[in-house]
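This is what each chain is made of:
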Amino acid sequence: MSVTNYVLWCYILSYSGPLLSALPLPFPPASTSLLISNMGPEEMTKSEYKEKGGFRASAFVFVLVALENMGFVANMVSLVLYFGYVMYFNISAAANTLTNFMGSTFLLSLLGGFISDTFLSRFTTSLLFGFFEVLGLALVTIQAYSKDLHPTYCGKSSCIKGGMAVMLYASLALLALGSGGVKGALPALGGDQFDQKDPKEAKALARFFNWLLLSTTLGACIGVTGIVWVSTEKDWYWGFFISTVATFIGFVVLALGKPYYRLREPTPSDSPIIRIAQVIAVAIKNRRLALPENPDELFEMNEKEKVFREETISHTNQFRCLDKAAIVTNDSKLTPWTVCTVTQVEEVKILTRMLPILGSTIIMNTCMAQLQTFSVQQGNIMDRHLRKKEVPAPSIPVIPLAFMSILIPIYELFFVPFARKITHHPSGITQLQRIGVGLVLSAISMTVAGVVEVKRRNQALKDITKPISLFWLSFQYGIFGIADMFTLVGLLEFFYKEAPVCMRSLSTSFTWLSLSFGYFLSTLFVNIINSVTKRITPSKQGWLHGLDLNQNNLNLFYWFLAILSSLNFVNYLYWASWYKYTPEEPDPDTKPKDLSTGPPLAKEENTLDGGAKETNDAPSSVQTEDAKQ
């Protein structure tokens, strides 16, 4: 990918005045060589640029991802048991506490993405939030170690209160803040090490996201086996302590890689939130103005000003109402809050086009939440013996993780090159096609989960001393693991590649935002299903009530999610075929209108559609690769 260069030059010029404005551009003076790590290939020699970035730099990111996810994934699958057997929450309260924690974690990734796009570099943001994550893990470890900080059993939905509750929720809040912030900045930091304008590095970028998932998977395999076994068989505080140490080492490794990174230093003027607000505010102010017949007459930077810009984005015909933000009127003073560039408007259009894709993946993440809550509780009352050894219930996800550890290299080394020859797409298949495969598999996983639960419950009611094997759960975990391999990487690559350069951290955070909404929706579904079924069932008991899964109807809840997932896939097909991919390069035949020649002034028209001429929004020059197929 290209690394932002106009930010650096605007920073230099703002402090150096007219002296530096006379320097030949786009090549920087020798005195700026100390800032070379923040520059793109336009500002440095080829050899200097190639010395930084690439897989050598991203290797440090892979190490952190593996070490951090050892603890994160282990906690993700086992905390429901910690809440139930140590903190004495009941089944639904333990599940909801975990899903709320996970939802908050992924929601806070937006904060990390916003800060790294606006105030701090992605590298600095990752280290800052890493401190909070390690601190949160340390507090969880202390509470797990001290018996005085454990509640006594009371028979209610939650037995924790007072200072113990404050410490529990404060440590979880710090952990969610730290982990979420890191997830908002780290993938974009890794992606910054590859130049999308270089064909070789563009292919490497697609590989980067696959290896990022592989690093996550390998770390998670160790977490759900080693750390989970230590937590459940030895003591919980030992598992949390190992997670704390591994995460700390991971951030030390990330810091050691600083000399090798291509870093982008943002400025507050880059704030994606402010740029979005400006477009919306000006478009609303200009809502009664007529759009020019020729989009070239909309305001854009002239050729001299474009020297200081990272890139321009070609005009598209979708969401024409937003184009009104780029109309220059008689009384326009050419400030960011009175007129916006076409590029700035297109940035908002890109994010707007992404929202339906984001929304279409929420249900899948609601399904994933069940595998980390109810499926773990199922496994805990099944036969957990593997020959003579007893397997902890939270360790069952190691089966799909092991599949993924094998399938990801196969996918990358064999399927992608084969598909690339057919589709000529750098990733083999498009990101939206990859996401669609995952959505189908998630619906199948929930269907299988319901069937397995029927078998488990019938056997338990028949003879509770002879439960079925824990490994029956491997079917639903295995199918969903493959679904996650397709969808998670597809989403990360989609949001990163489609987003404007100055919004890539915020955009990749959309992946985690989908996870966040999925977890919160799980909590909402559990509460609503319990409330509704309590009123309509003959037993007057909810599908997911109490402490005994054998008296519940968890299978019906799984099938409810399978039906929703199927309907959601139909919805996704519509939005995926509607989506227009962002053009990789501006149209060379289109020249932005130079304000020095005097742009046409808009005339006010009091028409029903705000003065805009009717346009055809059918895909034109920018077609989705999915639609072509």
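What you see is a predicted model; the values in this text were computed from it and never measured.

**A few points about unusual backbone geometry**
And step 1. Although it is not a glycine, Tyr88 sits at a positive phi angle of roughly 60°.
And step 2. Here Tyr88 is to be found in the loop between helix H4 (54-85) and helix H5 (91-107).
And step 3. Here the phi dihedral of Phe319 falls at roughly 50°; this positive angle occurs in a residue that is not glycine.
And step 4. Position of Phe319 among the secondary structure elements: in the loop between helix H12 (303-306) and helix H13 (342-359).

**Regarding the nonpolar core**
And step 1. Ranked by internal contacts, the top residues of the largest apolar core, which has 154 residues, are Tyr82, Phe83, Leu254, Met354, Phe374, Leu432 and Phe557.
And step 2. Here this core gets 18 residues from one element, more than from any other, and that element is H4.
And step 3. Discounting chain neighbours no more than four positions away, the residues touching Phe557 are Gln370, Phe374, Phe525, Val526, Ile529, Trp543 and Leu544.

**Section: the pattern of salt bridges**
And step 1. Following the criterion strictly, the structure yields seven salt bridges and no others.
And step 2. Linking Lys183 and Glu68 is a salt bridge whose minimum nitrogen-to-oxygen distance equals 3.5 Å. Placement of Lys183 in helix H8 (residues 162-191) and of Glu68 in helix H4 is noted, with a sequence separation of 115 residues between them.
And step 3. For Asp323, the salt bridge goes to Lys349, with nearest N and O atoms at 2.9 Å. Placement of Asp323 in the loop between H12 and H13 and of Lys349 in helix H13 is noted, with a sequence separation of 26 residues between them.
And step 4. Through salt bridges with shared partners, a single ionic network connects Arg320, Asp323, Glu346 and Lys349.

**Quick notes on the packing of aromatic side chains**
What characterises a pair of aromatic rings is the spacing of the ring centres plus the angle enclosed by the ring planes.
And step 1. Evaluation of the coordinates by the stated rule reveals 29 aromatic pairs.
And step 2. Ring geometry for Phe55 versus Phe194: centroids 5.0 Å apart, planes at 65°, classification edge-to-face. Here Phe55, found in helix H4, pairs with Phe194, found in the loop between H8 and helix H9 (199-234); they are 139 residues apart in sequence, far enough to count as distant.
And step 3. You can call Phe194 buried: its relative accessible area is 1%.
And step 4. With a centroid separation of 5.5 Å and 80° between ring planes, the pair formed by Phe525 and Phe560 is classed as edge-to-face. With a gap of 35 residues between them, Phe525 in helix H19 (residues 504-536) and Phe560 in helix H20 (residues 554-578) connect regions that are remote in the sequence.
And step 5. Among the residues examined, Phe560 registers a relative accessible area of 27% and is labelled partly exposed.
And step 6. Between Lys183 and the ring centre of Phe72, over which it is positioned, the NZ or CZ distance is 3.8 Å.
And step 7. Lying over the aromatic face of Tyr579, Arg353 brings its terminal NZ or CZ to 5.8 Å of the ring centre.

**Here we look at the confidence of the model for the protein chain**
And step 1. Across the protein chain, the average pLDDT comes to 76, with 81% of residues at or above 70.
And step 2. Low pLDDT, under 50, characterises residues 303-309; the stretch is placed with 15 contacts to residues that sit more than four places away or in other chains.

Each value, and the rule that gives it
- Residues numbered from 1 in each chain as written.
- Predicted model: local features only at pLDDT ≥ 70, side-chain atom pairs only at ≥ 80, totals over all residues.
- Heavy atoms only, no water.
- Helix = DSSP H or I, 4+ residues; strand = E, 2+ residues; numbered from the N terminus.
- Core = buried A, V, L, I, M, F, W, Y, C linked by side-chain atoms within 4.5 Å.
- Buried < 20%, exposed > 50% of the residue type's maximum accessible area, 1.4 Å probe, protein only.
- Contact = heavy atoms within 4.5 Å.
- Salt bridge = Lys/Arg side-chain N within 4 Å of Asp/Glu carboxyl O.
- Phe/Tyr/Trp six-rings, centres within 6.5 Å; stacked < 30°, edge-to-face > 60°.
- Lys NZ or Arg CZ within 6 Å of the ring centre and 35° of its normal.
- pLDDT = per-residue confidence, 0-100.

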